[in-house]
Amino acid sequence: MLFTETHGSRKAFSKDPAVIRLKDTYFLYYSSYYADGEREALGIGVASSPDMEHWTTVGRIPPTQECEKNGIAAILLEGKVHLFYQSYGNARKDAICHAVSSDGIGFEKDPTNPVFRPTEDWCIGRAIDADVVVFRNRLFLYFATRDHSMTIQKLGAAYAELGGDYSRGAWKQAAERSILYPEYEWEGACIEATVVHNEKVYMFYGGAYNCTPQQIGAAVSDDGINFRKLFGLPFIAAGKKGEWNSSESGHPYVFTDDDGKTYLFYQGSGDMGKSWYITKCRIGFKDGLPFVCGEDTGAAQGHSMRRETETIFLLLLHVSGGRLTEFRLKQAGKIFDIGKSQPLGYLRDVEIGGDKEMLGDFQLFVEHVSDGRNAVFGFENPLRLGDGEMH
């Protein structure tokens, strides 16, 4: 699947996917430009499909309220489609809006829009890029905001009790702090998210701003508020030079079908944002960790995806001054010089301590390694510690 708008004022422009199933029809909601008289407006496009592979544009939700613009989350609650989307272009005042539909095409907008924005004690008070999930009898709303300098984009959380109207006043801030923020080099200064629940809340987030490149990471939470990141590198990376998503694989959205299969939809660009496409891949979970299923790989060619892999061994060589100064990776009998390669080159000079250290793709526990000695540790990817041996 590779979808883009063909009827808008900007050809090949489809971003910010959100997907639901209503009876036997799948609906895809996405950001799209269209002609509004003499001006160009950014609204929400609507496409439908019988199989999630072949999509037909069936409608549009234009901005009719002063507060709204784009950025979409969709969820089916009690037989109705609820859209959560954002105002945009208002800087600190951007906030989350809400609309409801019985048929997935015609929407009634909430008269109280915008329905949510965070307090300004821990962030700028802005909320964009909404995502929602039902968890523990509540509807959790995740959103992107920024620090007080408007530089760092991070995530916040709110919730409303199920069965309400989800209008302004129904939402409570889940934490007066960021629940996830940029830490790794590849995440840059930006994080935005989507979620899926499977007894826990799994968050698939876009790290870094558009086309810098934005890539997709993964995190998990037991309570929907406190998250830990699962990988030090992207779960889904941008494509290689010349591929359709070489500038970005970002703004993910998770959809679980009626048969229990879960799909990750996301946007991509290969020309620094001049054109935008939407694709999907199926994901699974094993031992509490997500992976990209072997099927659907042709639908998302050019993407580096984390898959189930064989046992991997990390060979640590030479400890000096309490720091690792040399190490290599052994996989399937091949030796790779990690200290001199990319993107794992930043593993050089990792501090040795008594705690677990995130080493890119791998998790390592090092204890009391003396200067001038070597250590060999075995790993099973992803993040499962195997046998370790001291030398």
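Because the structure is predicted, anything quoted here is derived from the model rather than measured.

Enquirer: Explain the overall build of the protein chain to me, please; I cannot follow it from the model alone.
Expert: Each helix and strand counted, the protein chain has zero helices and 29 strands in total. A total of 391 residues make up the protein chain; the buried ones form 55% of that total. For the protein chain, contacts bridging at least 24 residues in sequence account for 48% of all contacts bridging at least 6. Split by element, the accessible area of the protein chain, about 17,100 Å² in all, is 47% carbon and sulfur.

Enquirer: Please clarify how the sheet that holds strand β4 (residues 56–61) should be interpreted in this entry.
Expert: Sheets are built from strands that pair by backbone hydrogen bonding, the pairs being arranged parallel or antiparallel. Taken together, the four strands give an open sheet; going across it, the order is β1-β2-β3-β4, and neighbouring strands pair in antiparallel fashion. Edge positions in the sheet fall to β1 (15–22) and β4, since each has one partner strand and no second. Ignoring strand direction, the axes of neighbouring strands in this sheet form an average angle of 35°.

Enquirer: What is the right way to read the sheet that holds strand β11 (residues 153–161) from this model?
Expert: On the basis of which strands lie adjacent, the open sheet formed by four strands has the order β9-β10-β11-β12 and antiparallel pairing. Since the sheet does not close on itself, it has two edges, and those belong to β9 (128–135) and β12 (172–173), each with one partner. Where β9 and strand β10 (residues 138–146) come together, six bridges link them in antiparallel fashion. The residue of β10 that forms the bridge with I128 is A144.

Enquirer: Just checking my understanding: could you explain the pattern of salt bridges for this structure?
Expert: When the charged atoms of two side chains with opposite charge come close together, those side chains can pair. Applying the stated criterion across every chain yields a total of twelve salt bridges. We note a salt bridge from K200 to D222, for which the minimum N-O separation is 3.6 Å. Taken as a pair, K200 in the loop between β13 (191–197) and β14 (201–207) and D222 in the loop between β15 (215–221) and β16 (227–229) lie far apart in primary sequence, 22 residues in all. Where salt bridges share partners, they join R21, D24, D257 and D258 into one cluster.

Enquirer: Sorry, what's going on with the pairing of strand β21 (residues 289–292) here?
Expert: A regular strand places its side chains so that they alternate between the two faces of the sheet. Of the two faces of β21, the one lined by L289 and F291 and the one lined by P290 and V292 are each fully buried. Note: strand β20 (residues 277–286) against β21, four bridges, orientation antiparallel. Following the sheet pairing, K286 is matched in β21 by L289. Where β20 folds back onto β21 in an antiparallel hairpin, the turn is made up of two residues, including D287, whose phi is positive at roughly 55°.

Enquirer: For this particular structure, what's the right way to read the packing of aromatic side chains?
Expert: Any aromatic ring pair is given by two values, namely how distant the centres are and how the planes are angled relative to each other. Inspection of every chain in the model, using the stated rule, returns 18 aromatic pairs. Ring centres 6.0 Å apart and planes at 20° place the aromatic pair W186 and Y205 in the stacked group. Residue W186 is found in the loop between β12 and β13, and its partner Y205 is found in strand β14; the two are separated by 19 residues along the sequence. Here W186 and Y205 have matching classes, each one buried. On the numbers, 6.1 Å between centres and 20° between planes, the contact of F231 with F235 is stacked.

Enquirer: What should I look at first to understand the pairing of β14 in this one?
Expert: In terms of residue burial, β14 counts as a mostly covered element, since seven of its seven residues are buried. Residues V201, M203, Y205 and G207 line one face of β14 and the alternating positions Y202, F204 and G206 line the opposite face, and both faces are buried. One ladder, built from seven bridges, connects β13 with β14; its direction is antiparallel. Counted as the bridge partner of I191 is G207 from β14. Counted between consecutive antiparallel strands, the loop separating β13 from β14 contains three residues, among which E199 sits at a positive phi close to 75°.

Enquirer: Is there a simple way to explain the side chain of D147 in this structure?
Expert: In this structure, D147 sits in the loop between β10 and β11. Buried and without a salt bridge, D147 has K154 as its closest oppositely charged side chain, separated by 6.1 Å. Setting aside residues no more than four positions away along its own chain, D147 makes contact with I124, I152 and K154.

Enquirer: Would you mind going over the nonpolar core with me for this structure?
Expert: Where a protein is soluble and globular, its nonpolar side chains tend to be buried together. Membership of the largest hydrophobic core comes to 35 residues, with the highest contact counts inside it found for Y29, F84, I96, F116, L139 and W171. Residues contacting F116, with those up to four places away along its chain left out, are A95, I96, A127, L141, F143, A158, W171 and Q173. Listed in part, the 23 residues of the second largest apolar core include V133, F135, Y159 and V201.

Enquirer: In this structure, what is going on with the side chain of T194? I would like to understand it.
Expert: If you trace the backbone, T194 turns up in strand β13. Polar contacts involving the side chain of T194 include one to the main-chain amide nitrogen of V254, which spans 3.4 Å. If sequence neighbours within four positions are ignored, T194 has contacts with D131, Y202, M203, F204, P252, Y253 and V254.

Enquirer: Explanation requested: the environment of D110 in the structure shown.
Expert: Of note, D110 is situated in the loop between β8 (108–109) and β9. In sequence terms D110 and H98 are twelve residues apart; their C-alpha atoms lie 5.5 Å from each other. If we ignore the near neighbours within four places in the chain, the residues touching D110 are Q65, H98, A99, V115, D165, Y166 and S167.

Enquirer: What is the right way to look at unusual backbone geometry in this model?
Expert: For the peptide bond that leads from N113 to P114, omega is -5°, which places it in the cis range. Along the chain, the position of P114 falls in the loop between β8 and β9. In this model, T212 is joined to P213 through a cis peptide bond whose omega is -10°. Note on placement: P213 falls in the loop between β14 and β15. The backbone of H251 sits at a positive phi, close to 40°, despite the residue not being glycine. Relative to the helices and strands, H251 is located in strand β18 (residues 248–256).

Procedures and definitions
- Residues numbered from 1 in each chain as written.
- Predicted model: local features only at pLDDT ≥ 70, side-chain atom pairs only at ≥ 80, totals over all residues.
- Heavy atoms only, no water.
- Helix = DSSP H or I, 4+ residues; strand = E, 2+ residues; numbered from the N terminus.
- Buried < 20%, exposed > 50% of the residue type's maximum accessible area, 1.4 Å probe, protein only.
- Contact = heavy atoms within 4.5 Å.
- Areas by Shrake-Rupley, 256 points an atom, 1.4 Å probe, with all protein chains shown as cover.
- Pairing = 2+ DSSP bridges.
- Axes fitted to C-alpha atoms, helices over the stretch in contact; angles between N-to-C directions.
- Salt bridge = Lys/Arg side-chain N within 4 Å of Asp/Glu carboxyl O.
- Phe/Tyr/Trp six-rings, centres within 6.5 Å; stacked < 30°, edge-to-face > 60°.
- Lys, Arg positive; Asp, Glu negative; His and termini not counted.
- Core = buried A, V, L, I, M, F, W, Y, C linked by side-chain atoms within 4.5 Å.
- Polar contact = N/O pair within 3.5 Å; in protein donor to acceptor, adjacent residues only side chain to side chain.

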